[in-house]
Amino acid sequence: MPAWTVQVVEDQDERVEAGMLVTEGGALIAFSDEGLVLRAWAPGQWRTVRHLEPAEAFPGGAGTMDHVLTWLPRD
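Residues numbered from 1 in each chain as written. Predicted model: local features only at pLDDT ≥ 70, side-chain atom pairs only at ≥ 80, totals over all residues. Heavy atoms only, no water.

Turning to the nonpolar core, a few remarks are in order. Of all hydrophobic cores here, the largest spans 11 residues; its members are Trp4, Val6, Val8, Val16, Ala18, Leu21, Leu28, Ala30, Trp41, Trp46 and Val49. Looking at this core, the elements that each hand over two or more residues are β1 (3–9) and β4 (27–31). In terms of residue count, the dominant contributor to this core is β1 (three residues). Once residues lying within four places of it in the same chain are set aside, the contact partners of Val8 are Glu14, Trp41, Gln45 and Trp46. (Core = buried A, V, L, I, M, F, W, Y, C linked by side-chain atoms within 4.5 Å. Buried < 20%, exposed > 50% of the residue type's maximum accessible area, 1.4 Å probe, protein only. Helix = DSSP H or I, 4+ residues; strand = E, 2+ residues; numbered from the N terminus. Contact = heavy atoms within 4.5 Å.)

Next up on the list: the pairing of strand β3 (residues 20–24). Along any regular strand, the residues point their side chains to alternate faces of the sheet. As paired strands, β3 and β4 are joined by five bridges and run antiparallel to one another. Note that in β4 the partner of Thr23 across the bridge is Leu28. Where β3 hands over to β4, the hairpin turn is made up of two residues, of which Gly25 adopts a positive phi near 60 degrees. (Pairing = 2+ DSSP bridges.)

These figures capture arrangement, not role.
Take a look at the structure:
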């Protein structure tokens, strides 16, 4: 299953393994391959999402900026 990091605050990331990430009404929702909701982040509680390559899913993996989704809050 693909691994993703979600930046929830400026210097804090959450890691989640999910088959797919989607946005709905400003929320970010992580789904399993079977379509089950694994994790959800409320509007204003997430900043950046990045798909992790298999080598990056483990500590010490190489970092790239590929596959980045960024959300900017409305003022």
